[in-house]
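Summary of structural features
Given next are the chains, with one letter for each unit.
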Amino acid sequence: TTPRIVVLGSANVDLVVRQPRRAEPGETVFGTSFQTGPGGKGLNQAVAAARAGGGVAFIGAVGDDALGAQLRATIEAEGIDTRALRTTAAPTGIAQITVTDDGENSITVVAGANGLADLRDDERTLIAEASHLVVQLERPEPLLIEALRHARAHGVTTVLTPAPARAPLTELIGLADVLVPNAGEAALLAGVPDVEAAAVSLSRAAHTVVVTRGADGAVVAQEGEIVSRVPARRATPIDTTGAGDTFTGVLVAGLSQGAPLGEALAAAAAAASITVTRPGAADSMPTRAEIDAALA
Ligand code: ATP
(Lines give C-alpha, C1' and ligand atoms only; values in the text may rest on other atoms or scores of the structure.)
Protein backbone atom coordinates (compact mmCIF):
# COMPACT_ATOMS: atom_id res chain seq x y z
CA THR A 1 0.00 0.00 0.00
CA THR A 2 1.08 3.59 -0.59
CA PRO A 3 2.05 5.37 2.64
CA ARG A 4 -0.04 8.47 3.16
CA ILE A 5 2.60 10.18 5.29
CA VAL A 6 6.19 10.73 4.19
CA VAL A 7 8.60 11.97 6.84
CA LEU A 8 11.85 13.39 5.47
CA GLY A 9 14.23 13.98 8.34
CA SER A 10 17.04 12.96 10.63
CA ALA A 11 17.72 9.67 12.34
CA ASN A 12 20.20 9.70 15.21
CA VAL A 13 21.33 7.45 17.96
CA ASP A 14 21.07 9.33 21.25
CA LEU A 15 24.03 8.59 23.52
CA VAL A 16 23.00 9.70 27.00
CA VAL A 17 25.60 10.01 29.75
CA ARG A 18 24.61 10.98 33.29
CA GLN A 19 27.36 12.49 35.41
CA PRO A 20 27.47 14.58 38.60
CA ARG A 21 28.99 17.62 36.91
CA ARG A 22 30.57 18.76 33.66
CA ALA A 23 34.29 17.98 33.17
CA GLU A 24 36.71 20.92 33.08
CA PRO A 25 39.02 21.07 30.03
CA GLY A 26 41.60 18.28 30.41
CA GLU A 27 39.74 16.69 33.34
CA THR A 28 38.16 13.22 33.60
CA VAL A 29 34.97 12.75 35.61
CA PHE A 30 33.20 9.45 36.24
CA GLY A 31 29.69 9.16 34.91
CA THR A 32 26.95 7.22 36.67
CA SER A 33 25.06 5.78 33.68
CA PHE A 34 25.08 5.41 29.91
CA GLN A 35 22.07 4.66 27.70
CA THR A 36 21.52 4.62 23.96
CA GLY A 37 18.23 5.01 22.15
CA PRO A 38 16.77 6.00 18.80
CA GLY A 39 16.35 9.74 18.23
CA GLY A 40 16.49 12.54 15.69
CA LYS A 41 13.41 14.63 15.03
CA GLY A 42 12.60 12.88 11.75
CA LEU A 43 12.72 9.39 13.22
CA ASN A 44 10.78 10.54 16.30
CA GLN A 45 7.94 12.04 14.28
CA ALA A 46 7.78 9.00 12.01
CA VAL A 47 7.50 6.68 15.02
CA ALA A 48 4.82 8.85 16.66
CA ALA A 49 2.73 8.87 13.47
CA ALA A 50 3.14 5.13 12.87
CA ARG A 51 2.21 4.17 16.44
CA ALA A 52 -0.87 6.39 16.13
CA GLY A 53 -1.95 4.30 13.14
CA GLY A 54 -0.62 6.39 10.25
CA GLY A 55 0.85 4.74 7.16
CA VAL A 56 4.39 6.16 7.18
CA ALA A 57 7.44 6.09 4.91
CA PHE A 58 10.74 7.56 6.09
CA ILE A 59 13.19 9.33 3.78
CA GLY A 60 16.50 9.44 5.60
CA ALA A 61 20.03 8.12 5.80
CA VAL A 62 22.18 6.12 8.18
CA GLY A 63 25.83 5.09 8.03
CA ASP A 64 27.22 1.71 7.03
CA ASP A 65 27.95 0.92 10.68
CA ALA A 66 26.55 -0.84 13.75
CA LEU A 67 24.51 2.18 14.89
CA GLY A 68 23.00 2.48 11.43
CA ALA A 69 21.97 -1.18 11.43
CA GLN A 70 20.41 -0.66 14.86
CA LEU A 71 18.41 2.37 13.68
CA ARG A 72 17.24 0.60 10.53
CA ALA A 73 15.98 -2.33 12.60
CA THR A 74 14.19 0.04 14.99
CA ILE A 75 12.43 1.88 12.16
CA GLU A 76 11.41 -1.38 10.46
CA ALA A 77 10.07 -2.78 13.73
CA GLU A 78 7.67 0.18 13.90
CA GLY A 79 6.12 -0.88 10.60
CA ILE A 80 7.55 2.20 8.83
CA ASP A 81 8.34 1.87 5.11
CA THR A 82 12.15 1.97 4.80
CA ARG A 83 12.45 1.80 1.00
CA ALA A 84 13.88 5.32 1.06
CA LEU A 85 16.17 4.84 4.05
CA ARG A 86 19.62 5.03 2.51
CA THR A 87 22.93 3.69 3.81
CA THR A 88 25.76 6.13 3.12
CA ALA A 89 29.53 6.37 3.50
CA ALA A 90 29.13 9.04 6.20
CA PRO A 91 28.64 7.64 9.73
CA THR A 92 25.26 7.36 11.44
CA GLY A 93 24.19 10.63 13.04
CA ILE A 94 24.54 10.84 16.80
CA ALA A 95 23.44 13.15 19.59
CA GLN A 96 25.73 13.02 22.59
CA ILE A 97 23.64 14.15 25.53
CA THR A 98 25.27 14.91 28.86
CA VAL A 99 22.91 15.19 31.81
CA THR A 100 24.41 16.67 34.97
CA ASP A 101 23.00 16.73 38.50
CA ASP A 102 22.15 20.45 38.18
CA GLY A 103 19.54 19.32 35.63
CA GLU A 104 21.23 21.10 32.72
CA ASN A 105 21.61 19.02 29.56
CA SER A 106 24.34 19.73 27.05
CA ILE A 107 23.98 18.20 23.62
CA THR A 108 26.44 17.71 20.77
CA VAL A 109 24.99 16.58 17.45
CA VAL A 110 27.15 15.09 14.72
CA ALA A 111 24.95 15.08 11.61
CA GLY A 112 26.93 12.42 9.69
CA ALA A 113 24.62 10.62 7.26
CA ASN A 114 21.88 13.20 7.91
CA GLY A 115 23.93 15.63 5.82
CA LEU A 116 22.92 13.78 2.64
CA ALA A 117 21.43 16.49 0.44
CA ASP A 118 20.02 14.97 -2.74
CA LEU A 119 16.54 13.71 -3.54
CA ARG A 120 16.39 10.60 -5.74
CA ASP A 121 13.68 9.87 -8.31
CA ASP A 122 12.12 7.12 -6.18
CA GLU A 123 11.97 9.52 -3.24
CA ARG A 124 10.30 12.18 -5.38
CA THR A 125 7.71 9.58 -6.40
CA LEU A 126 7.10 8.59 -2.78
CA ILE A 127 6.46 12.25 -1.90
CA ALA A 128 4.24 12.89 -4.92
CA GLU A 129 1.99 9.96 -3.97
CA ALA A 130 1.65 10.94 -0.29
CA SER A 131 -1.10 12.93 1.38
CA HIS A 132 1.34 14.66 3.79
CA LEU A 133 5.06 15.49 3.71
CA VAL A 134 6.57 16.18 7.14
CA VAL A 135 9.98 17.83 7.57
CA GLN A 136 12.08 19.38 10.36
CA LEU A 137 15.37 21.33 10.19
CA GLU A 138 17.88 18.54 10.88
CA ARG A 139 18.56 17.91 7.16
CA PRO A 140 20.23 20.35 4.71
CA GLU A 141 18.00 23.35 3.93
CA PRO A 142 18.26 23.11 0.10
CA LEU A 143 17.00 19.50 0.34
CA LEU A 144 14.06 20.60 2.49
CA ILE A 145 13.14 23.38 0.06
CA GLU A 146 13.34 21.00 -2.90
CA ALA A 147 11.16 18.41 -1.15
CA LEU A 148 8.54 20.94 0.01
CA ARG A 149 8.32 22.52 -3.45
CA HIS A 150 7.93 19.09 -5.03
CA ALA A 151 5.17 18.19 -2.56
CA ARG A 152 3.36 21.47 -3.21
CA ALA A 153 3.55 20.88 -6.96
CA HIS A 154 1.73 17.57 -6.44
CA GLY A 155 -0.95 18.83 -4.06
CA VAL A 156 0.65 17.13 -1.06
CA THR A 157 0.00 18.89 2.27
CA THR A 158 3.29 20.10 3.78
CA VAL A 159 4.06 20.07 7.51
CA LEU A 160 7.13 21.82 8.94
CA THR A 161 8.56 21.69 12.45
CA PRO A 162 11.03 24.61 12.46
CA ALA A 163 13.47 22.98 14.89
CA PRO A 164 16.21 23.41 15.80
CA ALA A 165 15.14 27.01 15.17
CA ARG A 166 17.12 29.62 13.38
CA ALA A 167 15.82 32.84 11.92
CA PRO A 168 14.89 33.85 9.31
CA LEU A 169 13.34 30.89 7.52
CA THR A 170 11.16 32.94 5.21
CA GLU A 171 11.33 30.61 2.22
CA LEU A 172 10.70 27.41 4.21
CA ILE A 173 7.81 28.89 6.17
CA GLY A 174 6.18 30.07 2.97
CA LEU A 175 6.23 26.45 1.76
CA ALA A 176 4.45 25.09 4.86
CA ASP A 177 0.73 24.36 4.95
CA VAL A 178 1.01 23.41 8.62
CA LEU A 179 3.77 24.97 10.75
CA VAL A 180 4.32 23.46 14.21
CA PRO A 181 6.87 25.47 16.24
CA ASN A 182 7.16 25.40 20.02
CA ALA A 183 6.76 28.69 21.87
CA GLY A 184 10.44 29.63 21.73
CA GLU A 185 10.72 28.83 18.04
CA ALA A 186 7.56 30.80 17.22
CA ALA A 187 8.84 33.85 19.10
CA LEU A 188 12.22 33.64 17.39
CA LEU A 189 10.78 33.22 13.89
CA ALA A 190 8.13 35.93 14.25
CA GLY A 191 10.48 38.26 16.12
CA VAL A 192 7.89 38.93 18.82
CA PRO A 193 8.01 37.53 22.38
CA ASP A 194 4.24 37.05 22.85
CA VAL A 195 3.31 33.54 21.74
CA GLU A 196 -0.18 34.33 20.44
CA ALA A 197 1.08 37.39 18.59
CA ALA A 198 3.82 35.23 17.08
CA ALA A 199 1.27 32.59 15.98
CA VAL A 200 -0.89 35.26 14.36
CA SER A 201 2.09 36.77 12.58
CA LEU A 202 3.38 33.42 11.26
CA SER A 203 -0.10 32.47 10.02
CA ARG A 204 0.19 35.18 7.39
CA ALA A 205 2.94 33.08 5.75
CA ALA A 206 2.00 29.47 6.59
CA HIS A 207 -1.65 28.41 6.28
CA THR A 208 -2.16 26.80 9.70
CA VAL A 209 0.18 27.54 12.59
CA VAL A 210 0.09 25.34 15.70
CA VAL A 211 2.34 26.67 18.46
CA THR A 212 2.96 24.19 21.27
CA ARG A 213 3.54 25.65 24.71
CA GLY A 214 4.43 22.73 26.97
CA ALA A 215 2.07 22.27 29.92
CA ASP A 216 0.06 25.25 28.60
CA GLY A 217 -1.09 23.26 25.56
CA ALA A 218 -1.14 24.73 22.07
CA VAL A 219 -2.61 27.65 20.17
CA VAL A 220 -3.75 27.55 16.55
CA ALA A 221 -3.75 30.48 14.13
CA GLN A 222 -4.99 30.75 10.56
CA GLU A 223 -4.97 33.74 8.22
CA GLY A 224 -3.90 36.20 10.88
CA GLU A 225 -6.29 35.09 13.63
CA ILE A 226 -6.24 32.75 16.62
CA VAL A 227 -8.79 30.06 15.75
CA SER A 228 -8.45 27.71 18.71
CA ARG A 229 -6.60 26.85 21.88
CA VAL A 230 -5.80 23.24 22.75
CA PRO A 231 -5.45 22.53 26.47
CA ALA A 232 -2.64 20.21 27.57
CA ARG A 233 -3.75 17.06 29.36
CA ARG A 234 -2.84 16.88 33.01
CA ALA A 235 0.28 14.76 33.45
CA THR A 236 3.15 14.34 35.87
CA PRO A 237 6.16 14.79 33.61
CA ILE A 238 9.33 12.84 34.24
CA ASP A 239 11.07 13.43 30.87
CA THR A 240 9.55 15.76 28.27
CA THR A 241 11.95 14.66 25.49
CA GLY A 242 9.94 13.82 22.40
CA ALA A 243 6.76 15.63 23.52
CA GLY A 244 6.81 18.03 20.60
CA ASP A 245 7.63 15.29 18.09
CA THR A 246 4.83 13.12 19.47
CA PHE A 247 2.41 16.02 19.10
CA THR A 248 3.36 16.63 15.46
CA GLY A 249 3.45 12.96 14.46
CA VAL A 250 0.06 12.19 15.98
CA LEU A 251 -1.45 15.38 14.55
CA VAL A 252 -0.39 14.36 11.05
CA ALA A 253 -1.56 10.76 11.55
CA GLY A 254 -5.03 12.13 12.35
CA LEU A 255 -5.08 14.56 9.42
CA SER A 256 -3.91 11.84 7.00
CA GLN A 257 -6.83 9.68 8.12
CA GLY A 258 -9.27 12.50 7.42
CA ALA A 259 -9.88 13.62 11.01
CA PRO A 260 -10.99 17.25 11.47
CA LEU A 261 -8.21 19.53 12.77
CA GLY A 262 -9.75 19.80 16.26
CA GLU A 263 -9.97 16.05 16.65
CA ALA A 264 -6.40 15.50 15.40
CA LEU A 265 -5.14 18.17 17.82
CA ALA A 266 -6.93 16.57 20.79
CA ALA A 267 -5.32 13.22 19.99
CA ALA A 268 -1.93 14.92 19.61
CA ALA A 269 -2.24 16.55 23.06
CA ALA A 270 -3.38 13.28 24.63
CA ALA A 271 -0.45 11.41 23.09
CA ALA A 272 2.13 14.03 24.12
CA SER A 273 0.80 13.95 27.69
CA ILE A 274 1.66 10.24 27.76
CA THR A 275 5.16 10.72 26.28
CA VAL A 276 6.15 13.15 29.06
CA THR A 277 5.46 10.51 31.72
CA ARG A 278 8.08 8.12 30.31
CA PRO A 279 11.86 8.35 29.76
CA GLY A 280 13.37 8.58 26.28
CA ALA A 281 12.26 10.02 22.94
CA ALA A 282 10.82 7.55 20.40
CA ASP A 283 10.83 4.82 23.04
CA SER A 284 8.34 6.77 25.16
CA MET A 285 5.66 7.33 22.50
CA PRO A 286 2.16 5.85 22.95
CA THR A 287 0.30 3.41 20.72
CA ARG A 288 -3.10 4.08 19.13
CA ALA A 289 -4.76 2.03 21.88
CA GLU A 290 -3.09 4.13 24.59
CA ILE A 291 -4.12 7.37 22.88
CA ASP A 292 -7.73 6.17 22.55
CA ALA A 293 -7.78 5.11 26.20
CA ALA A 294 -6.57 8.57 27.24
CA LEU A 295 -9.23 10.24 25.07
CA ALA A 296 -12.07 8.04 26.32
P1 ATP B 1 10.37 18.75 23.47
O2 ATP B 1 11.47 19.59 22.88
O3 ATP B 1 10.50 18.50 24.95
O4 ATP B 1 10.06 17.53 22.69
P5 ATP B 1 8.72 20.89 22.52
O6 ATP B 1 9.36 22.09 23.14
O7 ATP B 1 8.94 20.64 21.10
O8 ATP B 1 9.04 19.61 23.38
P9 ATP B 1 6.29 21.42 24.00
O10 ATP B 1 5.56 22.66 23.62
O11 ATP B 1 7.11 21.46 25.24
O12 ATP B 1 7.13 20.94 22.74
O13 ATP B 1 5.25 20.21 24.16
C14 ATP B 1 4.46 19.74 23.09
C15 ATP B 1 3.11 19.31 23.60
O16 ATP B 1 3.28 18.27 24.56
C17 ATP B 1 2.32 20.41 24.32
O18 ATP B 1 1.55 21.17 23.41
C19 ATP B 1 1.45 19.58 25.26
O20 ATP B 1 0.26 19.13 24.62
C21 ATP B 1 2.32 18.38 25.59
N22 ATP B 1 3.03 18.59 26.86
C23 ATP B 1 4.28 19.09 27.03
N24 ATP B 1 4.60 19.19 28.33
C25 ATP B 1 3.53 18.73 29.01
C26 ATP B 1 3.21 18.56 30.40
N27 ATP B 1 4.08 18.90 31.35
N28 ATP B 1 2.00 18.04 30.72
C29 ATP B 1 1.12 17.68 29.77
N30 ATP B 1 1.34 17.82 28.45
C31 ATP B 1 2.53 18.34 28.07
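Further up the page is the structure itself.
Residues numbered from 1 in each chain as written. Predicted model: local features only at pLDDT ≥ 70, side-chain atom pairs only at ≥ 80, totals over all residues. Heavy atoms only, no water.

Thoughts on the overall build of the protein
Convention followed: Note on conventions: DSSP H or I runs of at least 4 residues are helices, E runs of at least 2 residues are strands, and numbering of each starts at the N terminus. Only the C-alpha atoms count toward the radius of gyration. The rule for a globule is 2.2 Å times the residue count to the power 0.38. A simple rule labels every residue: compare its accessible area, found with a 1.4 Å probe on the protein chains alone, to the largest value its type can have, and call it buried under 20%, exposed over 50%, or partly exposed in between. Contact between two residues is taken to exist if any of their heavy atoms lie within 4.5 Å; hydrogens are not considered. The accessible surface values rely on the Shrake-Rupley method and a 1.4 Å probe; as for residues, cover is taken only from the protein chains in view. We treat Lys and Arg as the positive residues and Asp and Glu as the negative residues; His and chain ends play no part in the count. The atom standing in for a charge is NZ when the residue is Lys, CZ when it is Arg, CG when it is Asp and CD when it is Glu.
Looking only at helices and strands, one finds 10 helices and 13 strands in the protein. For the protein, whose C-alpha radius of gyration is 18 Å, the value lies close to the compact-globule estimate of 19 Å for 296 residues. If you line up the protein on its principal axes, its C-alpha atoms span 55 × 40 × 40 Å. Expressed as a percentage of its 296 residues, the buried residues of the protein come to 51%. A sequence separation of at least 24 residues applies to 64% of the contacts in the protein between residues at least 6 apart. Put simply, the protein shows about 12700 Å² of open surface, and 53% of that area lies on carbon and sulfur atoms. Counting 22 positive and 33 negative side-chain charges, the protein places the averaged centre of each group 3 Å from the other.

A few points about the sheet that holds strand S11 (residues 208-212)
The condition is simple: The rule for pairing is simple: two strands pair if DSSP sees at least two bridges between them.
Taken in spatial order, the 9 strands line up as S5-S4-S1-S8-S9-S10-S11-S12-S13 in an open sheet, and their pairing is mixed. Sheet topology places strand S5 (85-88) and strand S13 (225-230) at the edges, where each strand pairs with a single neighbour. Where strand S1 (residues 5-8) meets strand S8 (residues 132-135), 4 bridges bridge the pair, whose relative direction is parallel. Bridged to Val-6 within S8 is Leu-133.

A word on the pairing of S8
Selection rule: Handedness of a crossover is defined as follows: orient the strands so they point away from the viewer, and if the path from the first strand over the helix to the second runs clockwise, the crossover is right-handed.
A two-sided burial pattern is seen for S8, the buried positions comprising His-132 and Val-134 on one face and Leu-133 and Val-135 on the other. In this structure, S8 lies alongside strand S9 (residues 157-160), joined through 4 bridges in parallel fashion. The partner of Val-134 across the bridge, within S9, is Val-159. Regarding the hand of the β-α-β motif, the stretch spanning S8, helix H4 (residues 141-153) and S9 is right-handed.

Brief notes about the side chain of Asp-14
The line we're drawing: The salt bridge definition used is simple: a Lys or Arg side-chain nitrogen within 4 Å of an Asp or Glu carboxyl oxygen.
Looking at the element boundaries, Asp-14 is found in strand S2 (residues 12-19). Notably, Asp-14 is buried but unbridged: the nearest opposite-charge side chain belongs to Lys-41, and the N-O separation is 10 Å.

Section: unusual backbone geometry
The residue after Ala-163, namely Pro-164, is reached through a cis peptide bond having omega -5°. On the secondary structure map, Pro-164 appears in the loop between S9 and helix H5 (170-174). Look at the link from Ala-167 to Pro-168: it is a cis peptide, with omega at -5°. Looking at the secondary structure, you find Pro-168 in the loop between S9 and H5. Unlike most non-glycine residues, Glu-223 shows phi in positive territory, near 45°. Among the structural elements, Glu-223 can be located in the loop between strand S12 (218-222) and S13.

Notes on the sheet that holds S2
Consider a sheet: its strands pair through backbone hydrogen bonds, and that pairing is either parallel or antiparallel. The cut-off we apply is this: Axes, fitted as lines to C-alpha atoms, cover a helix only where it is in contact. Angles between the N-to-C directions of the axes lie from 0 to 180 degrees.
On the basis of which strands lie adjacent, the open sheet formed by 4 strands has the order S3-S2-S6-S7 and mixed pairing. Looking at strand neighbours, the two that pair on one side only are strand S3 (33-39) and strand S7 (105-110), the edges of this open sheet. Direction aside, neighbouring strands of the sheet carry axes that sit 20° apart on average. With 7 bridges connecting them, S2 and S3 associate as antiparallel partners. If you follow Val-13 over to S3, its bridge partner there is Pro-38.

Here's the deal with the site of the ligand
Heads up, the condition is: Proximity is defined per residue: if any heavy atom of the residue lies within 4 Å of a molecule or strand, that residue is considered near it. Think of a polar contact as two N or O atoms within 3.5 Å of one another; within protein, one of them needs to be a possible hydrogen donor and the other a possible acceptor, and neighboring residues in sequence only count if both atoms come from side chains. For this classification, the nonpolar set comprises Ala, Val, Leu, Ile, Met, Phe, Trp, Tyr, Cys and Pro, the charged set comprises Asp, Glu, Lys and Arg, and every other residue, Gly included, is treated as polar.
The full set close to the ligand counts 19 residues, and Asn-182, Thr-212, Gly-214, Arg-233 and Thr-240 are the nearest of them. Interatomic distance of 3.0 Å between a backbone N/O atom of Gly-217 and an oxygen atom of the ligand. For the ligand, an oxygen atom lies 3.1 Å from a polar atom in the backbone of Gly-244. Considering the ligand on its own, with 620 Å² of exposed area, one finds that the protein chains cover 82% of that surface. Elements that contribute at least two residues to the shell around the ligand include exactly helix H8 (243-256) and helix H9 (261-275). By residue class, the composition of the shell around the ligand is 9 nonpolar, 8 polar and 2 charged.

Let's talk about the pattern of salt bridges
Here the structure, examined in full by the defined rule, presents 17 salt bridges. For Glu-27, the salt bridge identified is with Arg-21, shortest N-O distance 2.6 Å. A salt bridge links Arg-166 to Glu-141, with the shortest nitrogen-to-oxygen separation between them at 3.1 Å. Of the two residues, Arg-166 sits in the loop between S9 and H5 while Glu-141 sits in helix H4, which places them 25 residues apart along the sequence. A residue is classified by how much of its surface remains accessible, and Arg-166, at 33% relative accessible area, is partly exposed. Taking relative accessible area as the criterion, Glu-141 reaches 27% and is therefore assigned partly exposed. Through salt bridges that share partners, Arg-86, Asp-118, Arg-120, Asp-122 and Glu-123 make up one connected network.

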